[in-house]
Amino acid sequence: MPAQEKSGNGKKSSSLSISEQEYKKVAKKHEPARPIWANCIKAFFVGGFVCVIGQAIQEAFMAAFHMTSKEAASPTVAVMILISVILTCLGVYDKIAQWAGAGTAVPVTGFANSMCSAALEHRAEGLVLGVGANMFKLAGSVIVFGVVAAFIVGIVYACLGFGGGHL
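Here the structure is a predicted model, which is why all the values come from computation and not from measurement.

The rules behind the values
Residues numbered from 1 in each chain as written. Predicted model: local features only at pLDDT ≥ 70, side-chain atom pairs only at ≥ 80, totals over all residues. Heavy atoms only, no water. Helix = DSSP H or I, 4+ residues; strand = E, 2+ residues; numbered from the N terminus. Buried < 20%, exposed > 50% of the residue type's maximum accessible area, 1.4 Å probe, protein only. Contact = heavy atoms within 4.5 Å. Areas by Shrake-Rupley, 256 points an atom, 1.4 Å probe, with all protein chains shown as cover. Core = buried A, V, L, I, M, F, W, Y, C linked by side-chain atoms within 4.5 Å.

**Q** Tell me about the overall build of the protein chain, and name the residues and values.
**A** A count of helices and strands for the protein chain gives 6 helices and 2 strands. The secondary structure elements of the protein chain, listed N-terminal to C-terminal, are β-β-α-α-α-α-α-α. For the protein chain, with 167 residues in total, the buried portion stands at 19%. A sequence separation of at least 24 residues applies to 43% of the contacts in the protein chain between residues at least 6 apart. Approximately 12,700 Å² of the protein chain is accessible, and the part contributed by carbon and sulfur atoms is 70%.

Right, dumping it as structure tokens:
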């Protein structure tokens, strides 16, 4: 227990109090070092591997079904989402994410993982108020950002004359 002494007004005050700056200095001294370069390398290779898998799936669609790259894009995204959701349900995606960090945040698979995780976490609350409501808390902000960004880019394109001549 810290030593306490009585001050002139009768209240007890701690003799061990330190300023906020001193606390930050002590905390920083005892904070474990982060392997930033190792984390960047892991994220780079895992993110690249996810993209290689996506490219391989797209090439398979193109070869098996004689699709163009544009036609194969949508089924490739659907398969990548399905793989991400299955790995999330099995608990594998989260283990990969703990090891690889930002490398698993590749837009399609990372978003599918976060949506599926929210759904799994809140499934006990019911389908509508649990899964539906909590799953779309994350999706709502992402969708709003995408719509606003697309609107702004569309206005810029139209003002610069890149809008396809529809104005």
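**Q** I'd love a proper account of the nonpolar core, names of residues and values included.
**A** In this structure, Val50, Ile57, Phe61, Ala72, Met80 and Val106 together form the largest nonpolar core, which totals 6 residues. Contributing elements (two or more residues each) for this core: α2 (36–65) and α3 (69–89). For this core, the element with the most residues is α2, which contributes 3 residues. In this structure valine 106 touches Gly47, Val50, Cys51 and Phe111, once residues within four positions along its chain are discounted.

Read these as layout, nothing more, since geometry by itself doesn't imply function.
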